[in-house]
Amino acid sequence: GSDAVKLKNCAACRLVKYCGADCQRGHRKLHKTACKQRAAELKDEQLYSRGHERPEGDYCSICTLPIPLPMNEHSVFMTCCMKIICNGCDQAAKKIGMRDCAFCRTPFPDNAAEVLAMIRARVGKKDPEAIFLLGHKYRFGELGLQKDVRKAFELYTEAAELGSVNALACLGNVYDRGEGVGQDMSKAAEFYMKAAMQGYVLARANLGVIEGKKGNHDRAVRHYLISAKMGYRDSVEEIMVLYMTGLATREQYLEALKGYQNAVEEMKSHDRDEAKAFLESRK
């Protein structure tokens, strides 16, 4: 390197520097093995070090506490503003007579057509969560829409490009199950990885399942530990099964259990306890 020649790192491994493309090509055969090994190590470092905190969309928009999993059982989604409100805050708003959206005060839509109109209005403004939600409605044929998995895939892709972690996870699901596209576990894992590194809990757990099916139990446990500590009970149970079969240690199981319990405690509130009791009384 000099003032005239600026050396550039190998983009894959960053182990060596080159003065130019010709130099890099000439060294490729000697460097290839070490490069692949280090690139894989760097990828793993990113995969396991990122995504230990749940994304912003997993927190109640009013009390700002993370919402227990599965989220659909513990929260309500507001189509008007694309916000999630926990059952505790939703019930607290109803107790004081509020009948509109507890976040933006928009009156609730009366029918499916109005809900769809709300979604499309926000899609027109390039709201990634609205685009993702419209894709979801096409995927399952809801709100009067004809089921169209190809359209859903296109909308998921657009939403993911605009920053929706939900869309990333659903693209993983689509490839995992072969819905509208050819089943491709490699692509499924790729999207799960992207979502997991942004804190998407179920995507992280799905990576554990994929690694477990490959027999990579150490890698599976690492994924399950992360998702367990973010409040996902199924991951604790997966580690327990691996522990019982000798594929995980007692220490790993206890770490997962303690991490899960701590996460659950952080999600508790008086309003949520009251809402849970109220909803259970209506069953």
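Fair warning: this is a prediction, and the values are worked out from it, not measured in the lab.

Visitor: I tried to follow the environment of H74 on my own but got confused; where do I start?
Guide: Mapped onto the elements, H74 comes out in the loop between α1 (21-49) and β3 (75-78). Its relative accessible area of 27% is what places H74 among the partly exposed residues. Placed 198 residues apart in sequence, H74 and R272 show a C-alpha to C-alpha distance of 8.6 Å. Residues contacting H74, with those up to four places away along its chain left out, are I67, P68, L69, C86 and N87.

Visitor: It is not clear to me how the nonpolar core should be interpreted in this structure. Could you clarify?
Guide: Considering soluble globular proteins, one finds that nonpolar side chains tend to be buried as a cluster. The biggest cluster of nonpolar side chains holds 45 residues, and the ones touching the most others in it are I119, L134, A195 and L207. When contributions to this core are tallied by element, the ones reaching two or more residues are α1, α3 (112-123), α4 (128-140), α5 (149-161), α6 (165-177), α7 (185-196) and α8 (201-213). Top element by residues in this core is α6. It accounts for 8 residues. Three or more residues apiece are contributed to this core by two domains, here domain 2 (110-193) and domain 3 (199-264). If we skip the residues at most four places from it in the chain, L207 touches L47, A189, Y192, M193, A196 and H223. Grouped together as the second largest cluster of nonpolar side chains are 14 residues, C60, C81, A93 and C101 included.

Visitor: Please explain the environment of M267 as it appears in this structure.
Guide: On the secondary structure map, M267 appears in the loop between α11 (250-266) and α12 (270-281). The exposure class of M267 is buried, given its relative accessible area of 5%. Spatially, the C-alpha atoms of M267 and G88 are 11 Å apart, while their sequence positions differ by 179 residues. Excluding its chain neighbours within four sequence positions, the residues that come into contact with M267 are R54, L65, P66, I67, P68, M230, G231 and R272.

Visitor: Where do I start with the pattern of salt bridges in this structure?
Guide: Side chains bearing opposite charge may pair, as long as their charged atoms lie close to each other. Enumeration according to the criterion identifies 15 salt bridges in this entry. With a shortest N-O distance of 4.0 Å, E179 and R177 are connected by a salt bridge. Connected via shared salt-bridge partners are D44, E211 and R219.

Visitor: Could you clarify how one ought to interpret α1 in this entry?
Guide: Think of an α-helix as turning once every 3.6 residues; residues three or four places apart then point the same way. Between its terminal C-alpha atoms α1 stretches only 32 Å, short of the 42 Å expected from 29 residues at 1.5 Å a residue. The sharpest bend along α1 reaches about 70 degrees and sits at H31. At the C-terminal side of α1, G51 shows a positive phi close to 80 degrees.

Visitor: Teacher, can you tell me more about the packing of aromatic side chains here?
Guide: Here the distance between the centres and the angle between the planes together describe a pair of aromatic rings. Evaluated as defined, the whole model comprises 4 aromatic pairs. Taking 5.8 Å as the distance between ring centres and 85 degrees as the angle between the ring planes, the aromatic pair formed by F153 and Y175 counts as edge-to-face. Pair noted here: F153 is in helix α5 and Y175 is in helix α6, with a separation of 22 residues, a long-range link. For F153, a relative accessible area of 14% translates into the label buried. Taking the relative accessible area as the measure of exposure, Y175 reaches 10% and is therefore buried. The interplanar angle of 5 degrees and the centroid separation of 5.9 Å between the aromatic rings of Y175 and F191 together place this pair among those described as stacked.

Visitor: What should I look at first to understand the domain arrangement of the protein chain in this one?
Guide: Looking at the protein chain, the domain boundaries give domain 1 (56-108), domain 2 (110-193) and domain 3 (199-264). When each unit is reduced to the centre of its C-alpha atoms, the spacing between domain 1 and domain 2 is 22 Å. Contacts between domain 1 and domain 2 engage 8 residues on the former and 9 residues on the latter. For the pair domain 1 and domain 2, the two sides together bury roughly 610 Å², of which 72% comes from carbon and sulfur. Between domain 1 and domain 2 we count 0 salt bridges in total.

Visitor: Would you take a moment to explain helix α10 (residues 233-244) for this structure?
Guide: The first and last C-alpha atoms of α10 sit 17 Å apart over 12 residues, in line with the 16 Å expected at 1.5 Å per residue. Of the residues trailing α10, G246 is marked for its positive phi of about 80 degrees.

Cut-offs applied
Residues numbered from 1 in each chain as written. Predicted model: local features only at pLDDT ≥ 70, side-chain atom pairs only at ≥ 80, totals over all residues. Heavy atoms only, no water. Helix = DSSP H or I, 4+ residues; strand = E, 2+ residues; numbered from the N terminus. Buried < 20%, exposed > 50% of the residue type's maximum accessible area, 1.4 Å probe, protein only. Contact = heavy atoms within 4.5 Å. Core = buried A, V, L, I, M, F, W, Y, C linked by side-chain atoms within 4.5 Å. Domains from an automatic or database assignment. Salt bridge = Lys/Arg side-chain N within 4 Å of Asp/Glu carboxyl O. Expected span 1.5 Å × (residues − 1). Bend = angle between axes of the 7 residues up to and from the residue. Phe/Tyr/Trp six-rings, centres within 6.5 Å; stacked < 30°, edge-to-face > 60°. Buried area = accessible area lost by both parts, 1.4 Å probe.

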